[in-house]
Amino acid sequence: MSLLPPTLYLVVLKYELSTKVSSLFLFNSLPYIGTNWSDIFPPTSITATQLVMSGVPPTAETGVPFDITICAQDAMNNTQTDYMTPITLTQTNGTPATITPTSPQVPVGGCITYTITPTAPNEIISFSTTSGMLTPDASGDINVIQGQSACYTDNCDYSIVPVTLNIENDNWTCSAGSYTVNGFSTTSSPSELWLVSPQYLWNATNAKYTANVVETFDGSTLEVLYSTNYSGNPATATWVSIGSYTASATLNIAVPAITPGSNVVFGFKYTATGLAAGSSQYVVSNIVLKSTECANISITSCDISDITNANSSSCNDNGTPSNPVDDYFTTDISVSYSNPPATGTLGLYKDNGLTLLTTIPVGSLTPITHVFVGVQLPADGNNIQLVAKFSETPSCSFSKVLTGITNCSNTPTYIELLPAPAASVYLGEPFNVNLCFTDGAGNPITAPMYATLIVDVSPITTLSLTNTSGTGPCFTYTFNPTEVGMATVSFYDDNFDFFTSFNINVLPQPCSDIFISEVADMDTTNSNKFVEIFNAGISTIAIGGYKLNIYSNGSSTNSYNNTSGNYDWCRCSFCNWNQWHGNLPVYLFTL
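Since we're looking at a predicted model, the values are computed, not measured.

> Got a minute to help me understand the pattern of salt bridges in this structure?
Tallied over the entire structure, the rule returns one salt bridge. When the shortest N-O distance is used, the salt bridge between Asp-306 and Lys-400 registers 3.3 Å. Of the two residues, Asp-306 is situated in strand β25 (residues 303–310) and Lys-400 in strand β31 (residues 393–402); the sequence distance between them amounts to 94 residues. On the basis of relative accessible area, Lys-400 is assigned to the partly exposed category, the value being 22%.

What follows is the structure, encoded as structure tokens:
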């Protein structure tokens, strides 16, 4: 008989209920290596024996909710996913907190989550949970501290400050405390657009910055930052990033430690390429600055909170119905502010702060709001970017986009040559062409125009452009003919909104009149003698208007007079005579 190897053998007794027969099974060569029995024989179902709570915080803030999750588990901490007995959560200590949903609740997947919102500070709260015959669980102590309060809640109080506008002038807009931006422009055209908070005098040791961010179109980044040296231009300030987002999010940002006494602004920085893959649409709302020390965070001496307009007029053509450039409308513009500086002026600007419209001394301001009455704005169909700011505190500014109105004058659709150029010119003699913007009826008008139109000469060797002058509505172009031939001159702009052209023939330089170009006596015996008369004009000349006198052999009497025939311009004619020999004078006279 051989001995069995030193191996642990498992003996399993299987009891068959149907036959009431016991069977002994011997599993050979199964070494014991410390494996749990449940791993070797996993149960066909889990039997819950206990309740287990998770997510219980050691500390909570009043008014700030937190979650507790309770699961039905077995002794091996496996959740029974099909457990359906209601689970009850009961507060056992402290001022009653808000519990949602209402306890008890039927678990889903063996678990239920309750949201707890503490209601009283500076105390201990605790909870317990029960369900059927399961062993209950308890939360332990939760220390409730004073929650951070809302120090400042935004309602379109942030300044809209673009650093780079795309070709479509897309920018932030605000309505009822909800800001929206979308820098998509169908072409590569970058945007850098900022929302800048009011300036705070900062002496707090704790604060949170909260907001809701919704991204509609994916593609670009939204960043949250703060600055302690902002002076009205985001591009020149030093910023510290406290959050960056590329998707929808609920912001709950702890503000880093800031040197007490600092002047602080917060900013949302939106960047976009203009293309679909790099131009998100974001909606930012419910912006709140929170702290337990709201008394130590105060808006500094100045804040402009809004710009509104009312009583807008219709378009005025300014007395020039054919000139849309000077069309305008008027409107009353109200600027709302608090704590203005003691000196300087409040200015209202257009073109994103580049063009001053009107100002008022600070000493003449009424409390809270000033109304600029009858402000004149261009009527050109474009929206108008208004900026209000105090001269002594440039960072105290506010930007608002107002909807513009269309013009009411006729829009020119023509450029014309006034007068029409000559049909021909002579080689080497410069000539001028006068080009005007017109109302389509030949009347020059001041209108939106291109400072320089494109000039095309074909063939290019025929004429050269030597000078351009004028400031509109008419311009003068000087051309120099450089080659004989026909040329076409065209004027147009990049978009081909305006176009005109003309043809011109460059002629050789003309001569002045007919003259004797040669007298020849080829021999002395035959009639091989001639006088060459050259027509130096530009058209055919009848010789009948001239008299040719020949004085033979030194005679003082005219011996020949020819008054017939036609001579083309710049052509030669030959007369053959035998009336003379040797030296003789020949004269050509005009009759």
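> I'm lost on the pairing of strand β26 (residues 328–338) in this one. Help?
Side-chain positions along a regular strand alternate between the two faces of the sheet. Of all 11 residues in β26, nine are buried; the element is thus mostly enclosed. In this sheet, β26 lies alongside β25 in antiparallel orientation, the contact comprising seven bridges. Its bridge partner being in β26, Ile-304 is matched across the sheet by Tyr-337.

> Could you clarify how one ought to interpret the environment of Ala-423 in this entry?
When you line up the elements, Ala-423 lands in the loop between β32 (414–417) and β33 (424–426). On the accessibility criterion, Ala-423 (62% relative accessible area) is exposed. Sequence separation between Ala-423 and Asn-505 is 82 residues; the distance between their C-alpha atoms is 6.3 Å. In this structure Ala-423 touches Asn-503, Ile-504 and Asn-505, once residues within four positions along its chain are discounted.

> Any chance you could explain the side chain of Lys-350 here in plain terms?
Relative to the assigned elements, Lys-350 resides in strand β27 (residues 345–350). Buried and unpaired, Lys-350 has Asp-351 as its nearest opposite-charge partner, separated by 4.6 Å. Setting aside residues up to four positions removed in sequence, Lys-350 forms contacts with Thr-355, Leu-357, Pro-378, Ile-384, Gln-385 and Leu-386.

> Looking at this structure, how should I read the state of the cysteines?
Chemically, a disulfide is nothing more than a covalent bond linking the sulfur atoms of two cysteines. For the coordinates displayed, the defined rule picks out five disulfides. The disulfide partner of Cys-71 is Cys-111, and the gap between their sulfur atoms is 2.0 Å. Here the S-S torsion is close to 110°, and the disulfide linking Cys-71 with Cys-111 is therefore right-handed. Of the two residues, Cys-71 is situated in strand β5 (residues 66–73) and Cys-111 in strand β8 (residues 111–117); the sequence distance between them amounts to 40 residues. You can call Cys-71 buried: its relative accessible area is 10%. Across the disulfide, Cys-315 is cross-linked to Cys-408 (sulfur-sulfur distance 2.2 Å). Here the disulfide of Cys-315 and Cys-408 is left-handed, its torsion about the S-S bond being about -70°. Pair noted here: Cys-315 is in the loop between β25 and β26 and Cys-408 is in the loop between β31 and β32, with a separation of 93 residues, a long-range link. A relative accessible area of 36% places Cys-408 in the partly exposed class.

> I'm lost on the nonpolar core in this one. Help?
Side chains that are nonpolar tend, in soluble globular proteins, to be buried together. Counting residues in hydrophobic clusters, the biggest one holds 34 residues, and the most contacted among them are Trp-172, Trp-202, Tyr-209, Phe-266 and Phe-268. With five residues, strand β22 (residues 262–272) is the largest single contributor of residues to this core. By size, the runner-up hydrophobic cluster in this structure holds 23 residues, among which are Ile-307, Leu-346, Phe-372 and Val-375.

> Please clarify how the pairing of β32 should be interpreted in this entry.
Every second residue of β32 is oriented toward a common face, the buried set being Ile-415 and Leu-417 and the non-buried set Tyr-414 and Glu-416. Both β32 and strand β34 (residues 431–438) contribute to a ladder of four bridges, which runs antiparallel. Bridge assignment links Leu-417 to a residue of β34, and that residue is Leu-435.

> Can you walk me through the environment of Ile-516 in this structure?
Here Ile-516 lies in strand β40 (residues 514–521). On the accessibility criterion, Ile-516 (28% relative accessible area) is partly exposed. When the C-alpha positions of Ile-516 and Glu-532 are compared, they lie 5.8 Å apart, and in sequence the two are 16 residues distant.

> Sorry if this is basic, but what is going on with the sheet that holds β5 here?
To summarise the sheet geometry, strands pair through backbone hydrogen bonds and adopt either a parallel or an antiparallel arrangement. The antiparallel open sheet is built from four strands, whose spatial order is β3-β5-β8-β7. Looking at strand neighbours, the two that pair on one side only are β3 (50–54) and β7 (98–100), the edges of this open sheet. Taken pair by pair, the neighbouring strands of this sheet meet at an average axis angle of 25°, ignoring direction. As paired elements, β5 and β8 share six bridges and run antiparallel to each other.

> Mind showing me how you'd approach the environment of Val-64 here?
Along the chain, the position of Val-64 falls in the loop between β4 (59–61) and β5. Between the alpha carbons of Val-64 and Thr-119 there is a distance of 8.9 Å; along the sequence they are 55 residues apart. Setting aside residues up to four positions removed in sequence, Val-64 forms contacts with Ile-116, Thr-117 and Pro-118.

> What should I look at first to understand the sheet that holds strand β30 (residues 384–390) in this one?
With respect to topology, four strands assemble into an open sheet ordered β28-β27-β30-β31, the strand pairing being antiparallel. Of all strands in the sheet, those with a lone pairing partner are β28 (355–361) and β31, marking the two edges. The mean angle between the axes of side-by-side strands here comes to 20°, regardless of whether they run parallel or antiparallel. Bridging between β27 and β28 involves six bridges; their strand directions are antiparallel. Bridge pairing links Lys-350 to Thr-355 in β28.

> Explain the layout of surface pockets here, please?
Any space left empty among the atoms is revealed by the rolling of a water-sized probe across them. Empty space within the largest pocket amounts to approximately 630 Å³. Surrounding the largest pocket, 30 residues form its lining, Asn-383, Ile-384, Gln-385, Val-401 and Leu-402 being those nearest its centre. Counting residues per element, the ones that place at least two in the lining of the largest pocket are β14 (173–175), β25, β30 and β31. Examining the composition of the lining of the largest pocket, we find that five residues originate from one element, β31, more than from any other. Here the residues of the lining of the largest pocket sort into 12 nonpolar, 11 polar and seven charged. Taken as a whole, the second largest pocket spans an internal volume of roughly 260 Å³. If you trace the second largest pocket, you find 17 residues lining it, with Val-161, Gly-232, Asn-352, Val-387 and Lys-389 closest to the centre. Going through the elements one at a time, β13 (159–164), β30 and β31 are the ones with two or more residues in the lining of the second largest pocket. Classifying every residue of the lining of the second largest pocket gives nine nonpolar, seven polar and one charged.

> Is there a simple way to explain the packing of aromatic side chains in this structure?
Centre-to-centre distance and the angle between the planes together describe a pair of aromatic rings. Within the structure shown, the criterion is met by 17 aromatic pairs. With a centroid separation of 6.0 Å and an interplanar angle of 55°, the aromatic rings of Tyr-158 and Tyr-179 are classed as tilted. Here Tyr-158 is found in the loop between β12 (149–153) and β13, whereas its partner Tyr-179 is found in strand β15 (residues 178–182), with 21 residues between them in sequence. For the pair Tyr-158 and Tyr-179, one class covers both residues: buried. Residues Phe-437 and Phe-475 carry aromatic rings whose centres are separated by 6.4 Å and whose planes lie at 70° to one another, so their mutual orientation is edge-to-face. Taken together, the residues span a long stretch of sequence, with Phe-437 in strand β34 and Phe-475 in strand β37 (residues 474–481) at a distance of 38 residues. Grouping residues by exposure puts Phe-437 and Phe-475 together as buried. In this structure an aromatic cluster arises from ring pairing among Tyr-152, Tyr-200, Trp-202, Tyr-209, Tyr-226, Phe-266 and Phe-268. Here the guanidinium or amino end of Lys-389 rests over the ring plane of Tyr-349, the centre of that ring lying 5.0 Å away.

Definitions and limits used
Residues numbered from 1 in each chain as written. Predicted model: local features only at pLDDT ≥ 70, side-chain atom pairs only at ≥ 80, totals over all residues. Heavy atoms only, no water. Salt bridge = Lys/Arg side-chain N within 4 Å of Asp/Glu carboxyl O. Helix = DSSP H or I, 4+ residues; strand = E, 2+ residues; numbered from the N terminus. Buried < 20%, exposed > 50% of the residue type's maximum accessible area, 1.4 Å probe, protein only. Pairing = 2+ DSSP bridges. Contact = heavy atoms within 4.5 Å. Lys, Arg positive; Asp, Glu negative; His and termini not counted. Disulfide = S-S within 2.5 Å. Core = buried A, V, L, I, M, F, W, Y, C linked by side-chain atoms within 4.5 Å. Axes fitted to C-alpha atoms, helices over the stretch in contact; angles between N-to-C directions. 1 Å grid on protein atoms, 1.4 Å probe; cavity = no way out; pocket = protein on both sides within 12 Å on 5 of 7 lines; lining within 4 Å. Points joined across faces, edges and corners; volume = space filled by probe spheres on them. Nonpolar A, V, L, I, M, F, W, Y, C, P; charged D, E, K, R; others polar. Phe/Tyr/Trp six-rings, centres within 6.5 Å; stacked < 30°, edge-to-face > 60°. Lys NZ or Arg CZ within 6 Å of the ring centre and 35° of its normal.

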